[in-house]
Amino acid sequence: MSKATTPPGFGFGEDEEMLRDLARKFLDEKLPVEALRKLVAEAPEPVYDHGQRPPWAPGLWKQIVELGWAGLAVEEADGGAGISMAGIAGLVEEVGRHALPSPLISTLSAALVLRSAASAPGREQLRRIALGTTAALAITPASGSWEPGDCGITGTRQGDGYLLNGSAHFVQDAFKADFFVGTARVDDELLLFALPSEAEGVSLEQDHIHDLTRDQGTLRLSDVRLSAKDVVSPNGEEVLQRAWPGLLVLVSADLCGTSEWQLQTTVEYAKNRKQFDHPLGFFQAVKHPLVNAMVEIDRARSLLYHAACCIDMGSPESLEAACMAKSAASDAGAFISDRSVQLHGGIGFTWECDVHIYFKRSMHNQALLGDGVHQRRKLADRLIGPIGATVENETA
Amino acid sequence: MSAPHLSPEHAEFHEYARRWLDENAPPPAPERLPLSPIEVMTVGQRDYLQDWQGRCYEAGLIGCDYPVEYGGRGHQGFQSIANQALGKARVPFMINVVGLNMAAPTILHHGSEEQKKKFIPGALSGSEIWCQGFSEPGAGSDMANQQTQAIPQGDNWIVNGHKVWTSLGHFAQWMILITRTSKHHKYDGLTYFLAPIEGHPGVTVRPLVKITGESGFNEVLFEDAVIPDSCRLDAVGKGWTVAMTTLTYERGAAESAGGGSGEAARPTQRLINLARETQRNGVCAADDPVTRDALMQRAIVAEGLAQNARRARVPALCDHPMRLPLQQKLVGSELSQHNARLGVQIAGAHSMLYKLDSSAPSQGYWPLAYMNSYGHTIAAGTNEIQRNILGERVLGLAKSK
Ligand SMILES: Cc1cc2nc3c(=O)[nH]c(=O)nc-3n(C[C@H](O)[C@H](O)[C@H](O)COP(=O)(O)OP(=O)(O)OC[C@H]3O[C@@H](n4cnc5c(N)ncnc54)[C@H](O)[C@@H]3O)c2cc1C
């Protein structure tokens, strides 16, 4: 791959800035934190005790589709906006900042994978996404392994199609998806397929999660017929590997957004709440950790745009950059989540205070696609070499 | 990383700087060089480094953006390119760190025409070494608590006082000096001087010894030293404002007059190499999962710092203009400290061996670098003070005092 020159400002230009600012304004207006709380956290019982699905706002989603966000990752030729990854990162930061419950990130994720397949059936699905059809990735086995290639669905050939059996787990916003982009093991190949949620033999089981701003489910396939036209790629593993940095960028961007909200909200509290005749922020045991959180968030954010820019440039360093971004974003998220509850004191420990909504969304995202330790393990394999390979490396 | 997007003129200069450094790398130093300019101890080191800075200056890599009449090259936006090239090339650092990064920009902002012509060229070329006389026994973090007195007498000032931790004082011709000229106002009672040091009557420079056993900084005593009024920078009583200009440059929050890093370009790579060469409990340290995780944490912080510098130039991605610049010193010094500490950990039993021991990994580099790293977390405003500044100026939290 040719090493392209780095564009100024990570390629975050006027268009990207406009999109981001528009998103911020739109979400500020449509989903201020009071509205978010009313939507997803009026009371704990429905979701936590009675097992109801976390509510979302389909009406708001309709407006979002009209704004064209669903098709951001779809190329213009297929009816999308074809915006750069840097631009998408900017928008998703706003989505995280507002803890928006929606099928946006799952649909963007599916679109990135379909795009990476660069196939006719894939493009067909991308055109549907651009029109507002929602999708989710169904690629994770029951073990929770994040290795692209590990999967819990098997396929057997039947005519010119396949018969699929098995399950995909940890499917994000599964109950909002019109179709799934999944993987199935067929002999030595990993098949990438697209499957409508209504297809015969498909069932969804709800996971009971702590995050109130999304749903999650297990997709079960029992003798599901897959026709040849729904095979997106026979090289699913390669396709996923190529798309992986983009998937990491999406979750990292959401984390940067939630983290910044948590920081600013906690700073505001530390300015207003007084104890011992001083605002809390006067005390360095409050001030310094908030500065440390800011430093971590800024590191994550810079690495986020670096990773996005690498992807846009087709750089061979994309995966390394994205692992770094996800590691930094997960750790920054964990740290500011911790401080946001602690520094609010007793009120921060209550359902009444907004911080728990973000705490949970962040905690969910920290684990999603692998936490910091997981990213660093992958990174080490690339920057140091796999464990046990050191001696060979040196003599080579 | 690939070259940033540059105008043709800047791209040409980038190419020139890269090529010049490639072709003009200095010969190996006659004696071991210290890790940074604030640790230069011997005349041999000084001469070697002064010569190198002089050659870089002649080549136009230093003072690029300074006006021609003050010894610069009169360009715009060249210095950051030169600095990047110097940082990437494995060449020595600039010895005149106080002259370049503190004295020259402060004089450019606050100096008279005469002062700019007299002082800036020598600071840029390194022919005149500068030191900084801000700290005193009673004025550290609380820098405004200055007790060194300057009393006017005709066209002169009579200075009495005690400065400490004066890096490079033992080689300096000049000092940027803060004095108290009024006891009635803590901040408005300060005045800033460009004070002669070497061989000046009434000025005594005495070395102080660091935890490493090396010297590098000094205490400087002023006993009825006579300093002409022409050496006063800006107005009487404006010393605090002038000092703030100096600190902005010292802490890296503004582009300086020039300088290379001297550090190995990729510190993480150096640590990885150490891990590959080190056996611990019969296992290669590079295969130990805990060590691998620690190494990757370092790599991520290092890359994050580099990308912060890049993002700082994109206003659309910065919520507050000073948010990233003010983190530079804090994050950079702690990165070096944690890197050195990890090196010590990886070296294990061998990290106990110090400079003189022929079995010490990299001639004792790791323990030496770790000990020296505290110089950078303490100097230029301790990192605790940096956190106060960030919390107050950027986050808007109540002042801690
Ligand atoms: C290697 C080295 C080189 C130096 N070179 C120079 C030089 O060339 N010229 C010069 O003028 N000075 C120089 N200094 C001095 C340096 O600027 C001071 O050491 C520094 O500002 C701290 O002052 P202090 O040593 O008096 O420590 P103190 O101010 O006494 O601080 C002691 C400890 O208390 C903490 N502390 C103090 N106040 C607060 C607060 N408000 N909130 C939280 N924590 C606080 C500090 O962070 C520190 O950990 C150098 C120092 C070093 C280590």
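Residues numbered from 1 in each chain as written. Chains lettered and ligands numbered in written order. Predicted model: local features only at pLDDT ≥ 70, side-chain atom pairs only at ≥ 80, totals over all residues. Heavy atoms only, no water.

Trainee: Please give an account of the overall build of chain A that cites residues and values.
Mentor: Helix and strand counts for chain A come out as 13 helices and 10 strands. Against the globule reference of 21 Å for 396 residues, chain A gives a C-alpha radius of gyration of 21 Å, in line with a compact fold. Overall, the C-alpha framework of chain A stretches about 80 × 60 × 40 Å when taken along its three principal axes. For chain A, the proportion of its 396 residues judged to be buried stands at 60%. Of the contacts formed within chain A by residues at least 6 apart in sequence, a portion of 78% connects residues at least 24 apart. In the structure as shown, chain A presents an accessible area of about 15,600 Å², 52% of it carried by carbon and sulfur atoms. Across chain A, the mean location of the 36 positive side-chain charges is 3 Å away from that of the 53 negative side-chain charges. (Helix = DSSP H or I, 4+ residues; strand = E, 2+ residues; numbered from the N terminus. Rg over C-alpha atoms; globule rule 2.2 N^0.38 Å. Buried < 20%, exposed > 50% of the residue type's maximum accessible area, 1.4 Å probe, protein only. Contact = heavy atoms within 4.5 Å. Areas by Shrake-Rupley, 256 points an atom, 1.4 Å probe, with all protein chains shown as cover. Lys, Arg positive; Asp, Glu negative; His and termini not counted. Charge placed at Lys NZ, Arg CZ, Asp CG, Glu CD.)

Trainee: Hey, could you go over the packing of helix H5 (residues 85-97) of chain A against helix H8 (residues 236-272) of chain A for me, with residue numbers and the actual values?
Mentor: Residue and element names in this part refer to chain A. Two numbers describe how H5 lies on H8: the axes approach to 7 Å, and their chain directions differ by 40°. As summarised for this structure, H5 and H8 are arranged oblique, according to the angle between their axes. Once H5 is placed against H8, the crossing between them reads as right-handed. Of H8, the residues touching H5 (which contributes Met 85, Ile 88, Ala 89, Val 92, Glu 93, Val 95, Gly 96 and Arg 97) are Gly 246, Val 249, Leu 250, Ala 253, Asp 254, Cys 256, Gly 257, Thr 258, Glu 260 and Trp 261. (Axes fitted to C-alpha atoms, helices over the stretch in contact; angles between N-to-C directions. Parallel < 35°, antiparallel > 145°, perpendicular 65-115°, else oblique. Left-handed = near helix turned anticlockwise from the far one by under 90°.)

Trainee: Please provide a residue-by-residue account of the packing of aromatic side chains, values included.
Mentor: Two measures describe an aromatic ring pair: the distance that separates the ring centres and the angle between the ring planes. Enumeration over the complete set of coordinates arrives at 20 aromatic pairs over all chains. Pairing A:Phe26 with A:Trp69 gives two aromatic rings, centres 5.6 Å apart and planes at 75°, and the pair type is edge-to-face. With A:Phe26 in helix H1 (residues 14-30) and A:Trp69 in the loop between helix H4 (58-67) and H5, the pair connects residues that are 43 residues apart, well separated along the chain. One exposure class covers both A:Phe26 and A:Trp69, and it is buried. Considering the side-chain rings of B:Phe13 and B:Phe78, the 4.3 Å spacing of their centres and the 25° angle between planes classify their relative orientation as stacked. Taken together, the residues B:Phe13 in helix H1 (residues 8-23) and B:Phe78 in the loop between helix H2 (43-58) and helix H3 (79-88) connect sequence positions 65 residues apart. On the basis of relative accessible area, B:Phe13 is assigned to the buried category, the value being 9%. Ring pairing ties together the aromatic residues A:Phe10, A:Phe12 and A:Tyr305, which thus form one cluster. Over the aromatic face of B:Tyr365 sits the side chain of B:Arg270, whose NZ or CZ is 3.7 Å from the ring centroid. A cation over a ring is seen here: B:Arg341 above B:Tyr370, with NZ or CZ 5.2 Å from the ring centre. (Phe/Tyr/Trp six-rings, centres within 6.5 Å; stacked < 30°, edge-to-face > 60°. Lys NZ or Arg CZ within 6 Å of the ring centre and 35° of its normal.)

Trainee: Lay out the interface of chain B and chain A in plain terms, naming residues and giving numbers.
Mentor: Contact residues are listed per partner, giving 48 residues for chain B and 55 residues for chain A. Taken over both partners, the interface formed by chain B and chain A buries close to 4,500 Å², and the fraction arising from carbon and sulfur atoms is 61%. Ranking the residues of chain B by area buried against chain A places B:Arg292, B:Ile300 and B:Leu395 at the top, with a combined share of 15%. The salt bridge partner of A:Glu260 is B:Arg323, with a shortest N-O separation of 3.0 Å. Our count for the contact surface shared by chain B and chain A stands at 23 residue pairs in polar contact (both at pLDDT 80 or more). Listing elements by their share of the side of chain B that touches chain A, those giving two or more residues are helix H7 (267-277), helix H8 (289-311), helix H9 (328-347) and helix H11 (383-394) of chain B. Here the side of chain B that touches chain A gets 15 residues from one element, more than from any other, and that element is H8(B). (Buried area = accessible area lost by both parts, 1.4 Å probe. Salt bridge = Lys/Arg side-chain N within 4 Å of Asp/Glu carboxyl O. Polar contact = N/O pair within 3.5 Å; in protein donor to acceptor, adjacent residues only side chain to side chain.)

Trainee: Go over the site of the ligand with me, naming the residues and quoting the values.
Mentor: The full set close to the ligand counts 20 residues, and B:Ser135, B:Ser141, B:Trp165, B:Thr382 and B:Glu384 are the nearest of them. One chain alone does not account for the residues near the ligand; they come from chains A and B. In this structure, an oxygen atom belonging to the ligand sits 2.6 Å away from a side-chain N or O atom of B:Ser141. With respect to the ligand, the side chain of B:Thr382 contributes an N or O atom lying 2.6 Å from an oxygen atom. In the complex, 70% of the free accessible area of the ligand, which totals 960 Å², lies under the protein chains. For the shell around the ligand, the secondary-structure elements that each account for two or more residues are strand S3 (156-167), helix H10 (365-378) and H11 of chain B. Along the lines of polarity and charge, the residues of the shell around the ligand split into 8 nonpolar, 10 polar and 2 charged. The residues that make up the shell around the ligand include at least three from each of domain 2 (132-250) and domain 3 (266-394) of chain B. (Near = heavy atom within 4 Å. Nonpolar A, V, L, I, M, F, W, Y, C, P; charged D, E, K, R; others polar. Domains from an automatic or database assignment.)

Trainee: Now, about the domain arrangement of chain B: what can you tell me, with residues and values included?
Mentor: Residue and element names in this part refer to chain B. Domain boundaries assigned for chain B yield domain 1 (3-129), domain 2 (132-250) and domain 3 (266-394). Here domain 1 and domain 3 have C-alpha centroids that lie 25 Å from each other. Taken together, the contact between domain 1 and domain 3 spans 6 residues of the former and 7 residues of the latter. For the pairing of domain 1 and domain 3, the buried interface totals around 600 Å² over both sides, and the portion due to carbon and sulfur atoms is 54%. It is Arg 32, Leu 35 and Glu 39 that lose the most area in domain 1 upon contact with domain 3, and together they represent 69% of the buried surface on that side. Taken together, domain 1 and domain 3 are joined by 0 salt bridges. Put simply, domain 1 and domain 3 have 1 residue pair in polar contact (both at pLDDT 80 or more) between them. Tallied by class, the residues present in the side of domain 1 that touches domain 3 amount to 2 nonpolar, 2 polar and 2 charged.

Trainee: Can you tell me about the pairing of strand S2 (residues 153-158) of chain A, naming the residues and giving the values?
Mentor: Residue and element names in this part refer to chain A. The pairing of S2 with strand S3 (residues 161-172) spans 6 bridges and is classified as antiparallel. Residue pairing for S3: Ile 153 is matched across the bridge by Gly 166. In this structure, the hairpin formed by S2 and S3 is closed by a connection of 2 residues, where Gly 159 is found at a positive phi of approximately 60°. (Pairing = 2+ DSSP bridges.)

Trainee: Give a description of the nonpolar core that names residues and reports values.
Mentor: The biggest cluster of nonpolar side chains holds 136 residues, and the ones touching the most others in it are A:Trp69, A:Ile88, A:Val113, A:Leu263, A:Leu290 and B:Leu295. The element that contributes the greatest number of residues to this core is H8(A), accounting for 16 residues. Dropping the residues within four chain positions of it, A:Leu263 is found in contact with A:Leu290, A:Ala293, A:Met294, A:Ile297, A:Ile336, B:Arg323 and B:Leu395. If you look at the next biggest cluster of nonpolar residues, it comprises 70 residues, including B:Ala17, B:Val97, B:Phe119 and B:Leu247. (Core = buried A, V, L, I, M, F, W, Y, C linked by side-chain atoms within 4.5 Å.)

Trainee: Tell me about the packing of helix H9 (residues 284-313) of chain A against H11(B), and name the residues and values.
Mentor: Between two packed helices, the angle of one axis relative to the other and the distance separating the axes together describe the packing. In contact at an axis separation of 9 Å, H9(A) and H11(B) are set at 80° when each is read in the N-to-C sense. Accordingly, the angle class assigned to the pair H9(A) and H11(B) is roughly perpendicular. Of H11(B), the residues touching H9(A) (which contributes A:Gln284, A:Lys287, A:His288, A:Val291, A:Asn292 and A:Met294) are B:Glu384, B:Arg387, B:Asn388, B:Leu390, B:Gly391, B:Glu392 and B:Val394. When its residues are assigned to classes, the contact of H9(A) with H11(B) shows 4 nonpolar, 5 polar and 4 charged.

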